[in-house]
2 protein chains.
Amino acid sequence: MINSLDWRRTHYSRDVNPEMDGEEITVMGWTHEIRDLGGIIFVLLRDRDGTIQITAPSKKIEKEIFEDLRKIKKESVIAVKGTIQESPKAPGGVELIPTSLNLLNESKQPLPLDPTEKVRAEIDTRLDSRFLDIRKPAVSAIFKIKSRMLHSIRVFLEQNEFLEINTPKLVASATEGGTELFPITYFEREAFLGQSPQLYKQIMMSAGFDRVYEIAPIFRAEEHDTLRHLNEVISIDIEASFMNHEDVMEILEKLVVQSITDVKTHCQDDLDVLGRELEIPSLPFERVSYDDMVDMVNSQGVALEYGEDMSRASEKAMGEIMEGYYFITDWPTAIKPFYVMPDEKNPEKSFAFDLMYKDLEISSGAMRVHTPDLLLERIKNQGLNPASFEKYLAAFEYGMPPHAGWGLGAERFNMTLTGVNNIRETVLFPRDRRRLTP
Amino acid sequence: MINSLDWRRTHYSRDVNPEMDGEEITVMGWTHEIRDLGGIIFVLLRDRDGTIQITAPSKKIEKEIFEDLRKIKKESVIAVKGTIQESPKAPGGVELIPTSLNLLNESKQPLPLDPTEKVRAEIDTRLDSRFLDIRKPAVSAIFKIKSRMLHSIRVFLEQNEFLEINTPKLVASATEGGTELFPITYFEREAFLGQSPQLYKQIMMSAGFDRVYEIAPIFRAEEHDTLRHLNEVISIDIEASFMNHEDVMEILEKLVVQSITDVKTHCQDDLDVLGRELEIPSLPFERVSYDDMVDMVNSQGVALEYGEDMSRASEKAMGEIMEGYYFITDWPTAIKPFYVMPDEKNPEKSFAFDLMYKDLEISSGAMRVHTPDLLLERIKNQGLNPASFEKYLAAFEYGMPPHAGWGLGAERFNMTLTGVNNIRETVLFPRDRRRLTP
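About the thresholds
- Residues numbered from 1 in each chain as written.
- Chains lettered and ligands numbered in written order.
- Predicted model: local features only at pLDDT ≥ 70, side-chain atom pairs only at ≥ 80, totals over all residues.
- Heavy atoms only, no water.
- Domains from an automatic or database assignment.
- Buried < 20%, exposed > 50% of the residue type's maximum accessible area, 1.4 Å probe, protein only.
- Helix = DSSP H or I, 4+ residues; strand = E, 2+ residues; numbered from the N terminus.
- Pairing = 2+ DSSP bridges.
- Contact = heavy atoms within 4.5 Å.
- Buried area = accessible area lost by both parts, 1.4 Å probe.
- Salt bridge = Lys/Arg side-chain N within 4 Å of Asp/Glu carboxyl O.
- Nonpolar A, V, L, I, M, F, W, Y, C, P; charged D, E, K, R; others polar.
- Axes fitted to C-alpha atoms, helices over the stretch in contact; angles between N-to-C directions.
- Left-handed = near helix turned anticlockwise from the far one by under 90°.
- Polar contact = N/O pair within 3.5 Å; in protein donor to acceptor, adjacent residues only side chain to side chain.
- Least-squares fit on C-alpha atoms with pLDDT ≥ 70 in both.

This next bit is on the domain arrangement of chain A. The domain architecture assigned to chain A consists of domain 1 (13-105) and domain 2 (133-426). The C-alpha centroid of domain 2 of chain A is placed 48 Å from the C-alpha centroid of domain 1 of chain A.

Quick look at the structure:
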């Protein structure tokens, strides 16, 4: 058996079709299945986007290749040179008759997890051997959709003149004054991991950047152990000057629709593997005021007082009533962060909104306070120490434009596209209170 | 004076031209300069991409607007409705005669930093008031180029079938066994901030993702205080299966050329502001072997022994000899990380490379070790504890393909595009040993 790294792949499995009958090609991948029928061996070779059948009849191929093939273990990495043969019975209508075989890396047996999905495994077992778990098409599909989703979001934002920014994740103090911060030892000092780029993207408005976006990790030391929370996630953030909450809601709903359309166009195979039928939602998304939401929740027999934040039960009650994506608007000022703009005509209510998908909150946003006096008052009212916000407040004193923005959870949006119920399914290597590896 | 948030911008300064003479428009931005000549006031209004002149002759406009304009302080945020008038003497051949004025947010005086650049400031003063510093065209240009650079890199990688991945920044142990880690308190445990996505992108090769990229922050607790190091930077990482070091060097040099070409096409104004003339380098980039590099360094009178890593003096010596971008190849195995593949024919040398720009290292990469036995041996040889790498090693035991990859420093690449000498210039809110704010 050859054991050479000098071979070069000529084709992926998806590039091969019956019209190529007679062509010599080189494919590389994993031995997904091996069926040894004595006089003939079938090997299903898997690469990123599919499989190709290697057919080895003992009478037609070299004896050495036949014997080597017989010895190969499942999930080993091989390269095969061979001749394409049209074959209506084989998957894709094509089989490859091997002329040379190269074992690039052998797999140990038994496998800790079966990538052919014949044995169902628990999520923890799967995450422990994530590299094998991701070999399953129904798992890799989620991440191919996530990659495309992020791509289409960037395309949309750049079409809309947003500039990409990179803000620091090492910060000196809390973004929102919360207790959900991971402390770091930063040389001789204590620092924290950023729980949101909120303050930085607002400073960029004062810097004159007009429209900015960032797609980056955020870190929250929440002790929640739910299907919707993780301690490290990707946040898609925008901030735009001379805009109000309605302007950025319009940007958000258009982004969602364009992204779904793009994923539907480019990831149909992955959606099929997941058994997912995506509908393109119509614009504009429905707007439900906070007060109406409380009434709707109560109508479902779930208790929620005016002024309270939504409980999980309230979200579920809304999920029973509402289909697809919708906004909840006009939130009480008191339960939203200090940087949210109160409605001048009714300061108990604010220009804040959440974007929901059924019972899942996927985005929060608002028009922001842009005048330094009101901002200082709001910081004090929420019991926070203005001294911690000194550098942030300075940006409001020397020409901060009116502005608005939102943060969209990449994993939660991905859950609405893929239909998975556990956020851990949408992260390659999830981090929760119990899990820091792999 | 109106003080309304209901106005909507109709045009940016760059959208306005002399052919629009007579049109009514609304512009928004900062009062960059105000010249009060008694009977006429000129206001230069600045927005993200330029300026437009507001011309207010006392006899032609409403008295109230004239008096209000007179009172406006520098760097305040205003919106102006007015009529475009062709004016060959004004910048851009256009001036705006105001019919309505809206003071959106007033700026305090005096400014801690002058965004019109009439007074030069030290980098620390500038970073302390970064929101004002970024208002300078020669500063914002760097970040517009950075945004475009990242865009063009993603386009290139996606054209080349790379999938975007997101790997965790919260990790249980060191990537490369180094001491340059920031410790985090992760609930009851100690964790660390990722210094590189190296191990995760390799695991994704075993997961069958074939070609992956990630553009994300990395964190290094280096105590260096130099013009080329920061403690948080953006790393552009790729990893590709069934490829060797030469394949990924070719991807890297093509990426550099495509990115420079794209920046030159889309950011000519920003390059002009920086006085930067970008040349498109020709392909392939020159390859200098490590041994030849040592000879070249010595020929410049700088001491460097065979087997030693490059000192700063060695880099400078190479910068005296070499123009533009070039690779240094065939590095001694002993001074490269454990995951670098030794050359089978000469195991003292490895399949590692660095990409340099004059005297600046901007990327490191290699073909990787893909067999578990050799990898374990290399980990032990470097004095590291295999137990810390248990989850990583598992990915090599069950079908790891041969693979190669590199990491490219976004800020260092941006330095080569913009010509700035201090890496702090290329980060909105830099983090070094002394600086954690803003």
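Turning to the pairing of strand β13 (residues 325-329) of chain A, a few remarks are in order. Residues and elements named next belong to chain A. Within β13, five of the five residues are buried, which leaves the element mostly enclosed by the surrounding structure. The alternating pattern of β13 places Y325, F327 and T329 and Y326 and I328 on opposite faces, both of which are buried. In this structure, strand β12 (residues 286-289) lies alongside β13, joined through four bridges in parallel fashion. Across the sheet, residue S289 finds its bridge partner in β13, namely T329. Bridge count between β13 and strand β16 (residues 352-357): five bridges; the pairing is antiparallel. Bridge assignment links I328 to a residue of β16, and that residue is D354.

A separate point is the interface of chain B and chain A. Each partner contributes to the interface: chain B provides 103 residues, whereas chain A provides 103 residues. A combined buried area of about 9,000 Å² lies between chain B and chain A, and 60% of that area is made up of carbon and sulfur atoms. Connecting chain B to chain A are 16 salt bridges. When residues in the side of chain B that touches chain A are grouped by element, the largest group, nine residues, is from helix α4 (residues 137-159) of chain B. Each residue belonging to the side of chain B that touches chain A can be placed in one class, and the counts come to 53 nonpolar, 18 polar and 32 charged.

Residues and elements named next belong to chain B. Contact geometry for α4 and helix α12 (residues 410-418): axes closest at 10 Å, N-to-C directions at 115 degrees. α12 is crossed by α4, and the crossing has right-handed handedness. Taking contact as the criterion, the partners of I142, I145, K146, M149, L150 and I153 in α4 are, on α12, A410, E411, F413, N414, L417 and T418. Partitioning the contact of α4 with α12 into residue classes produces eight nonpolar, two polar and two charged.

Here the focus is the pairing of strand β4 (residues 77-86) of chain A. Residue and element names in this part refer to chain A. Here strand β1 (residues 24-36) pairs with β4 via seven bridges, running antiparallel. Bridge pairing links V27 to V80 in β4. Two strands pair when backbone bridges link them, and β4 and strand β5 (residues 94-105) are joined in this way by ten bridges, in the antiparallel orientation. Bridged to V77 within β5 is N105.

The next subject is the environment of N244 of chain B. By the secondary structure assignment, N244 of chain B is in the loop between β11 (232-241) and α6 (245-266). When the C-alpha positions of N244 of chain B and P402 of chain B are compared, they lie 7.6 Å apart, and in sequence the two are 158 residues distant. Not counting the four nearest positions on each side in its chain, N244 of chain B is found in contact with R8 of chain A together with M367 and A404 of chain B. Within the local environment of N244 of chain B, its side chain forms a polar contact with the backbone nitrogen of E246 of chain B, the two atoms lying 3.0 Å apart.

A word on the relation of the copies chain B and chain A. Superposing chain B onto chain A takes a rotation of 180 degrees combined with a translation of 0.0 Å along the rotation axis, leaving an RMSD of 0.0 Å. Both chain copies can therefore be described as sitting about a two-fold axis. For chain B, the minimum C-alpha distance to the rotation axis belongs to I184 of chain B and amounts to 2.2 Å. Looking at chain B, 100% of its interface residues are interface residues in chain A too, so the copies touch through the same face.

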